[in-house]
Amino acid sequence: MKELKALVLAGGFGTRLRPLSCTRPKMLFPVANQPLLDWTLKNLSEGGVDTVILAVNYMAEALVRYLGPTKFDLGIIYSREERPLGTGGPIKKAADLLQNGGPFLVLNGDVISDIDYRRLVEFHRRKGGLATIALFQVPDPSRYGAVELDGEGRILRFVEKPEPGRAPSNLVNAGIYVLDPKVIDYIPEGRSVSTENEVFPVLAKEGALYGYEARGLWMDIGVPEDYLRANGLLLAKLDGVQVGEKSKVDSSAEVLPPSSIGAGVEVGANSVIGPNTSIADHVHIGRGCRIENSIIFPGATIGDYTSVRNAIIGENATLERWVKVESGSLIGDYAVIADGVTITQGVSICPSKRVEESILEPRQVM
Ligand code: GDD
Ligand code: MG
């Protein structure tokens, strides 16, 4: 295959994970201790892509600083939006880079997948449509774009965020597309455009939109439950227990697979870590702690006898002693949760907050 480009949508911030961090875009959130975007770029590189155009606005500098001009043998070009251009506008903005070649890939930057891009592109060429969408089967399509397919792989209908019970099927848009350069003509210039609402329904009507049913790993990390699930699935792929350099796990502590512990981590006596847990670099965990099915960002401190279950703890956050964080809750970067406090039921604590009283029902603490 000759030159294959991919545009990765890495802007926008509408997400329930937003309270976690003011400095790190969700594409750089760790999944099995590696930024989400690294998994994506690696898979693109293995799939025959040579150039990635990263469409950025919100927290652009953090992305540029982290990735630089090349990674995993890919050239990386940044396309900066002054104002957010939605999911379609960035394609129009990068038209000069995309329109003079063959078909190109477009990806939502917040999904993780082990899809085989070569097969997807081959399917697209075989069908001869203007656009091909990768599709995955999910139990609840209402948070996604759902499609109606005919027996030939043609998409008859594309419905973005269908109301519960009204989706045409359980096959949803993975946020992974192959587009013919002609699709750029379907995107209005100079404003925010939703590919899902403004372009796909038109292409479907013209019979030019195809769907490729993929199988394997796929997840949008936009909500805590799915982020934790993606983390668990990738940890299971890595298999077993990883422990980074200069980490000290007390001999009476246990790490249950699958789990990953970064570099320079300390785990105190009688603590139990895992399964499905990733602990980033330089995290300090005291004695008698219980951490399972959770993600801990770099530099966090977990005090003695604290438990973290199904939760995400931001960078340099501190949980003091006898704290409980549970059930899809998020603790933002640099936040402090005081001794004995329980945070449960999907509570989000914003960065740098200090919390001294338990919070037992869903809300965001600003
Ligand atoms: N550059 C840029 N500019 N990127 C943006 C902008 C923007 O203005 N707005 C959103 N994005 C990026 C987001 O960062 C994300 O990676 C991707 O575009 C999709 O936006 P989300 O806000 O995450 O959309 P969604 O998850 O609700 O729905 C989309 O993804 C689903 C699959 O996960 C849709 O494409 C659905 O049809 C799809 O099923
Ligand atoms: Mg999303």
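Structure first, text after, so check above.
Residue positions within a chain follow its written sequence, with the count starting from 1. All chains are assigned letters beginning at A, and all ligands numbers beginning at 1, according to the order in which they are written. Reporting of local features is limited, given that this is a predicted model, to residues whose pLDDT is at least 70; pairs of side-chain atoms are given and counted only at 80 or more, and all residues count toward the totals for whole chains, interfaces and linings. Computation of side-chain values covers all heavy atoms of the structure but excludes hydrogens and water.

### Topic: the pairing of strand E13 (residues 209–213)
As a reminder, the rule being used: For each residue, the accessible area found with a 1.4 Å probe, counting protein chains only, is set against the maximum for its type, and the residue is called buried under 20%, exposed over 50%, and partly exposed in between. Helix and strand definitions here come from DSSP, where helices need a minimum of 4 consecutive H or I residues and strands a minimum of 2 consecutive E residues; each element is numbered from the N-terminal end. Pairs of strands are assigned from DSSP output, requiring at least two bridges between the strands.
Counting buried residues in E13 gives four out of five residues, a clear majority hidden from the surface. Sheet topology places strand E9 (residues 131–137) next to E13; five bridges connect them, and they run parallel. Opposite Leu-135, over in E13, you have Glu-213 as the bridge partner.

### Some details on the pattern of salt bridges
Threshold: Counted as salt bridges are all cases of a side-chain nitrogen of Lys or Arg within 4 Å of a carboxyl oxygen of Asp or Glu.
In total, this model carries 17 salt bridges according to the counting rule given. Between Asp-110 and Lys-26 there is a salt bridge, with the nearest N and O atoms lying 3.1 Å from each other. With Asp-110 in the loop between strand E7 (104–108) and strand E8 (111–113) and Lys-26 in the loop between strand E1 (5–9) and strand E2 (30–31), this residue pair connects regions lying 84 residues apart in the sequence. With respect to burial, Asp-110 and Lys-26 carry one shared label: buried. One salt bridge connects Arg-290 with Glu-292, and the closest N-O pair in it is separated by 3.6 Å. Since its relative accessible area comes to 22%, Glu-292 is described here as partly exposed. A cluster of three or more residues bridged by salt bridges with shared partners is formed by Arg-143, Asp-226 and Arg-229.

### Looking at the nonpolar core
One recurring pattern in soluble globular proteins is that nonpolar side chains are buried together. What counts here: Put simply, buried Ala, Val, Leu, Ile, Met, Phe, Trp, Tyr and Cys residues joined by side-chain atoms within 4.5 Å make one nonpolar core. Residue contacts follow a heavy-atom distance rule, with two residues in contact if any of their heavy atoms lie within 4.5 Å.
Leu-44, Leu-54, Leu-105 and Ile-176 are the most contacted members of the largest nonpolar core, which totals 41 residues. Apart from residues no more than four positions distant in its own chain, Ile-176 is found in contact with Val-106, Leu-107, Val-111, Ser-113, Ile-115, Tyr-117, Leu-120, Thr-132, Ile-133, Ala-134 and Trp-218.

### Notes on the sheet that holds strand E30 (residues 330–331)
Applicable threshold: The axes used here are C-alpha line fits, helices contributing only the stretch in contact, and every angle between their N-to-C directions lies in the interval 0 to 180 degrees.
Spatially, eight strands are ordered E15-E18-E21-E24-E27-E30-E33-E35 in an open sheet, and the strand pairing comes out parallel. Since the sheet does not close on itself, it has two edges, and those belong to strand E15 (241–243) and strand E35 (364–365), each with one partner. Here E30 runs beside strand E33 (residues 348–349); their pairing, made up of two bridges, is parallel. In the strand pairing of E33, Leu-330 is matched with Ser-348. Strand contacts of helix H7 (residues 224–238): E15, strand E18 (259–261), strand E21 (277–279), strand E24 (295–296), strand E27 (312–313) and E30, with the helix running at about 90° to E21, the strand carrying the most contacts.

### Topic: the environment of Ile-187
Examined against the element boundaries, Ile-187 turns out to sit in the loop between strand E12 (171–179) and helix H6 (195–205). A relative accessible area of 3% places Ile-187 in the buried class. Considering only alpha carbons, one finds Ile-187 and Asn-170, 17 residues apart in sequence, at a separation of 27 Å. Setting aside residues no more than four positions away along its own chain, Ile-187 makes contact with Gly-88, Gly-89, Ile-91, Lys-92, Val-193 and Val-199.

### With respect to the site of ligand 1
Inclusion rule: We define proximity as follows: a residue is near a molecule or strand when any one of its heavy atoms falls within 4 Å of that partner. N or O atoms within 3.5 Å of each other form a polar contact, as long as, within protein, one can give a hydrogen and the other can take it, and as long as residues adjacent in sequence are counted only when both atoms are side-chain atoms. Surface accessibility follows the Shrake-Rupley procedure with a 1.4 Å probe radius. Residue values consider only the protein chains on display as shielding.
Around ligand 1 sit 26 residues in total, of which Gly-11, Glu-81, Glu-160, Glu-196 and Asp-220 are the nearest. The separation between an oxygen atom of ligand 1 and a polar main-chain atom of Gly-145 is 3.0 Å. Lys-161 is positioned such that a nitrogen or oxygen atom in its side chain is 2.8 Å from an oxygen atom of ligand 1. Contact with the protein chains covers 88% of the free accessible surface of ligand 1, which is 740 Å².

### Here we look at the sheet that holds strand E32 (residues 342–343)
Strand order in this open sheet of six strands is E17-E20-E23-E26-E29-E32, and the pairing throughout is parallel. Both edges of this open sheet fall to strand E17 (254–255) and E32, since each of them pairs with a single strand only. Judged from the two bridges that link them, E17 and strand E20 (residues 272–273) form a sheet pairing that is parallel. Directly across from Val-255, in E20, lies its bridge partner Ile-273.

### What about the coordination of the magnesium ion (ligand 2)?
Stated precisely, the cut-off is as follows: Donor criterion used throughout: N, O or S atom within 2.8 Å of the metal, extended to 3.2 Å for Na, K and Ca. Water excluded; incomplete-looking sites may result.
Listed as protein donors to the magnesium ion (ligand 2) are Asp-110 (OD) and Asp-220 (OD); their distances from the metal cover 2.1 to 2.3 Å. Separated by 110 residues along the polypeptide, Asp-110 in the loop between E7 and E8 and Asp-220 in strand E14 (residues 218–220) bring together distant segments of the chain. When its relative accessible area of 12% is taken as the criterion, Asp-110 is described as buried.

### Quick word on the packing of helix H1 (residues 36–46) against helix H2 (residues 60–67)
Keep this limit in mind: The cut-offs work like this: below 35 degrees is roughly parallel, past 145 is roughly antiparallel, 65 to 115 is roughly perpendicular, and the gaps in between are oblique. Handedness of a crossing is defined here by the sense of rotation of the near helix relative to the far one, left-handed for an anticlockwise turn of less than a right angle and right-handed for a clockwise turn. Classes in brief: Ala, Val, Leu, Ile, Met, Phe, Trp, Tyr, Cys and Pro nonpolar; Asp, Glu, Lys and Arg charged; the others, Gly included, polar.
In the contact formed by H1 and H2, the axes pass within 12 Å of each other and the chain directions differ by 55°. Classified by the angle between their axes, H1 and H2 sit oblique to one another. Between H1 and H2 lies a crossing whose hand is right-handed. Counting all contacts with H1, which are made through Leu-37, Asp-38 and Leu-41, the residues of H2 involved are Leu-63, Tyr-66 and Leu-67. Taken together, the residues of the contact of H1 with H2 break down into five nonpolar, no polar and one charged.

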